[in-house]
Amino acid sequence: MQVELLGYPVAHSLSPALHNAAFAAVGLDWRYRAVEVLPQHLAPAVEALRSDDRAGANLTIPHKQAVVPLLDELRPSGVQTSAVNTIVNDRGRLVGHNTDMAGFLQDLRAHWQVPTGGRAVILGAGGAARAVAFGLAQHGLDLWLISRSAGRAAELAQSIHRSLSSKVEALPWTRRSFSQVKRHCDLVVNATPLGMRPQGDLTPWPDEVPLPPSAFVYDLVYAPGETKLVRRARQSGLPAAAGGGMLLEQAALSFELWTGLPAPRTRMQAALDAALERSPDRRAVPRA
Ligand code: NAP
């Protein structure tokens, strides 16, 4: 059986190392491979997943929302977020799930006691931001969404308002917005690719605006291991985590959906650690 990661770019992805180690650990002769798919080629790439030898796929940047109309069925996690990161091929029927939301919350809770009634700022309004926003709103946090595309953030704010009671405000990607939110913010989540290869020297939070004085900083970017944003947070005395833990947890949940077996999390963690250690970015980036 084959499982594919469809995205653009995907060369940075550690998912093949993680999943191939997991398949080997449970004795499955399955293969996971990353496939670079441009947006205009997404539909045929998804159609090909109906074949008997495909168990399904993962979706990554920029396909998580675009894939939704190409599927036969959405499970509740996909319906709520309108974003899919996992497809299961159920005998030719393509079923969409979102394991990012549960994966994010699980890893966030492992690092930080998530308050009910706090305030979070989410940077970006794409597929991953949707999962984060719905997860945090379900937990009772109010949200600011700072996004380059005003329409995407406004649409996300409206979909959360339709089903949950959290206050959600969409703000433009300006220095003024960052200054406004920093005073009352308990959690900062980067859900943009800024800080990810080949933009590893970039950070979404403007250099000239101090980080919020007592926030937890969570960067969904996981390669390189310690992003510029995480390094800056730690240097400012703030607790912070990069997205390796979320990567592991969402992958474990996807593995369980494809195979019906419990994920071998310890083996997956070891494979992730080894892949991060091998990453050229890891060696290039000094650790705080
Ligand atoms: P996506 O759907 O393409 O969304 C990307 C978001 O980032 C969009 O809001 C986009 O704004 C914004 N953005 C991109 N470049 C920007 C820039 N230069 N300045 C400001 N905003 C910018 O991608 P995604 O699937 O949500 O993924 C986002 C990031 O999260 C990726 O780095 C991905 O690897 C990471 N991720 C990690 C995990 C994990 O397990 N750790 C899971 C999921 C995603 P526009 O709408 O204006 O383009």
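Rules used throughout
- Residues numbered from 1 in each chain as written.
- Predicted model: local features only at pLDDT ≥ 70, side-chain atom pairs only at ≥ 80, totals over all residues.
- Heavy atoms only, no water.
- Helix = DSSP H or I, 4+ residues; strand = E, 2+ residues; numbered from the N terminus.
- Rg over C-alpha atoms; globule rule 2.2 N^0.38 Å.
- Buried < 20%, exposed > 50% of the residue type's maximum accessible area, 1.4 Å probe, protein only.
- Contact = heavy atoms within 4.5 Å.
- Areas by Shrake-Rupley, 256 points an atom, 1.4 Å probe, with all protein chains shown as cover.
- Lys, Arg positive; Asp, Glu negative; His and termini not counted.
- Charge placed at Lys NZ, Arg CZ, Asp CG, Glu CD.
- Pairing = 2+ DSSP bridges.
- Axes fitted to C-alpha atoms, helices over the stretch in contact; angles between N-to-C directions.
- Parallel < 35°, antiparallel > 145°, perpendicular 65-115°, else oblique.
- Left-handed = near helix turned anticlockwise from the far one by under 90°.
- Nonpolar A, V, L, I, M, F, W, Y, C, P; charged D, E, K, R; others polar.
- Expected span 1.5 Å × (residues − 1).
- Arc of directions from axis to C-beta.
- Near = heavy atom within 4 Å.
- Polar contact = N/O pair within 3.5 Å; in protein donor to acceptor, adjacent residues only side chain to side chain.
- 1 Å grid on protein atoms, 1.4 Å probe; cavity = no way out; pocket = protein on both sides within 12 Å on 5 of 7 lines; lining within 4 Å.
- Sits in = over half its atoms within 2 Å of the grid points.
- Points joined across faces, edges and corners; volume = space filled by probe spheres on them.

Engineer: Explain the overall build of the chain to me, and be specific about the residues and the numbers.
Structural biologist: A tally of helices and strands in the chain yields 11 helices and 12 strands. Computed over C-alpha atoms, the radius of gyration of the chain comes to 18 Å, within 12% of the 19 Å expected from 2.2 N^0.38 for 288 residues, which places it in the range of a compact globule. The principal-axis extent of the C-alpha atoms belonging to the chain is close to 55 × 45 × 35 Å. The burial tally for the chain puts 56% of its 288 residues in the buried class. Contacts spanning at least 24 positions in sequence make up 68% of the contacts within the chain whose residues lie at least 6 apart. Looking at the chain as shown, the accessible area adds up to about 12,500 Å², and 51% of this sits on carbon and sulfur atoms. Averaging the coordinates of the 30 positive side-chain charges in the chain and doing the same for the 25 negative ones gives two points 5 Å apart.

Engineer: Explain the sheet that holds strand 5 (residues 86–90) residue by residue, including any values.
Structural biologist: Across the sheet, six strands lie side by side as 2-1-3-5-6-4; this open sheet has mixed pairing. What marks the edges here is a single partner per strand, and that holds for strand 2 (31–36) and strand 4 (73–74). Sheet analysis places strand 1 (residues 2–7) next to strand 2, joined by six bridges and oriented parallel. Within strand 2, the position partnered with E4 by the bridge is R33. With respect to the sheet, helix 1 (residues 15–25) is in contact with strand 1, strand 2 and strand 3 (54–59), its orientation differing from that of strand 2 by roughly 165 degrees. The sheet strands contacting helix 9 (residues 244–259) are strand 1, strand 2, strand 3, strand 5 and strand 6 (93–97), and the helix crosses strand 5 at an angle near 5 degrees.

Engineer: Describe the packing of helix 1 against helix 9, naming the residues involved and giving the relevant values.
Structural biologist: When two helices pack together, their arrangement is captured by the angle between the axes and the distance separating the axes. With their axes 11 Å apart at the nearest point, helix 1 and helix 9 run at an angle of 45 degrees to one another. The angle between helix 1 and helix 9 falls in the class oblique. When the axes of helix 1 and helix 9 are compared, the crossing they make is right-handed. Across from S15, L18, H19, A22 and F23 in helix 1, the residues of helix 9 making contact are L247, L248, A251, F255, W258 and T259. Class assignment of the residues belonging to the contact of helix 1 with helix 9 gives a composition of eight nonpolar, three polar and no charged.

Engineer: Explain helix 6 (residues 150–163) residue by residue, including any values.
Structural biologist: Taking 1.5 Å of rise per residue, 14 residues should cover 20 Å, and helix 6 covers 21 Å from first to last C-alpha, within 8% of that figure. Buried within helix 6 we find A153, L156, A157, S159 and I160. Viewed along the axis of helix 6, the buried residues span an arc of 165 degrees, placing them on a single side of the element. Those residues of helix 6 that are exposed and angled more than 90 degrees off the buried face are A150, G151 and R162. If you follow the buried residues of helix 6, they end up packed against helix 5 (127–138), strand 8 (142–147) and strand 9 (168–172).

Engineer: Before we move on, could you go through the site of the ligand and cite the residues and values that matter?
Structural biologist: The immediate surroundings of the ligand are formed by 25 residues, with A125, A128, S149, R152 and L220 found nearest. G126 is positioned with one of its backbone polar atoms (N or O) 3.3 Å from an oxygen atom of the ligand. The contact in question runs from a nitrogen atom of the ligand to an N or O atom on the backbone of L220, over 2.9 Å. With the chains in place, 89% of the 930 Å² that the ligand exposes on its own is no longer accessible. If you map the ligand onto the pockets, it falls in the largest pocket. Breaking the shell around the ligand down by element, the ones donating at least two residues are helix 5 and helix 9.

Engineer: Tell me about the layout of surface pockets, and name the residues and values.
Structural biologist: Volume-wise, the largest pocket comes out at about 1,000 Å³. Forming the walls of the largest pocket are 40 residues, and the residues nearest its centre are I61, A128, A191, T192 and P193. For the lining of the largest pocket, the elements supplying multiple residues, two or more each, are strand 3, helix 5 and helix 9. No other element matches the three residues that helix 9 contributes to the lining of the largest pocket.

Engineer: I'd like a rundown of the pairing of strand 3, residues and numbers included.
Structural biologist: Within strand 3, six of the six residues are buried, which leaves the element mostly enclosed by the surrounding structure. Relative to strand 3, strand 1 runs parallel, the two being bridged by five bridges. Paired with E4 across the strands is A57, a residue of strand 3. Sheet topology note: the strand 3/strand 5 ladder contains three bridges and is antiparallel.

Engineer: I'd like a description of the environment of G118, backed by residues and values.
Structural biologist: With respect to the secondary-structure elements, G118 resides in the loop between helix 4 (100–111) and strand 7 (119–123). By relative accessible area, G118 is classed as buried at 7%. Sequence separation between G118 and L187 is 69 residues, and the spatial gap between their C-alpha atoms is 8.2 Å. Contact partners of G118, with chain neighbours within four places excluded, come to L141, D142 and D186.

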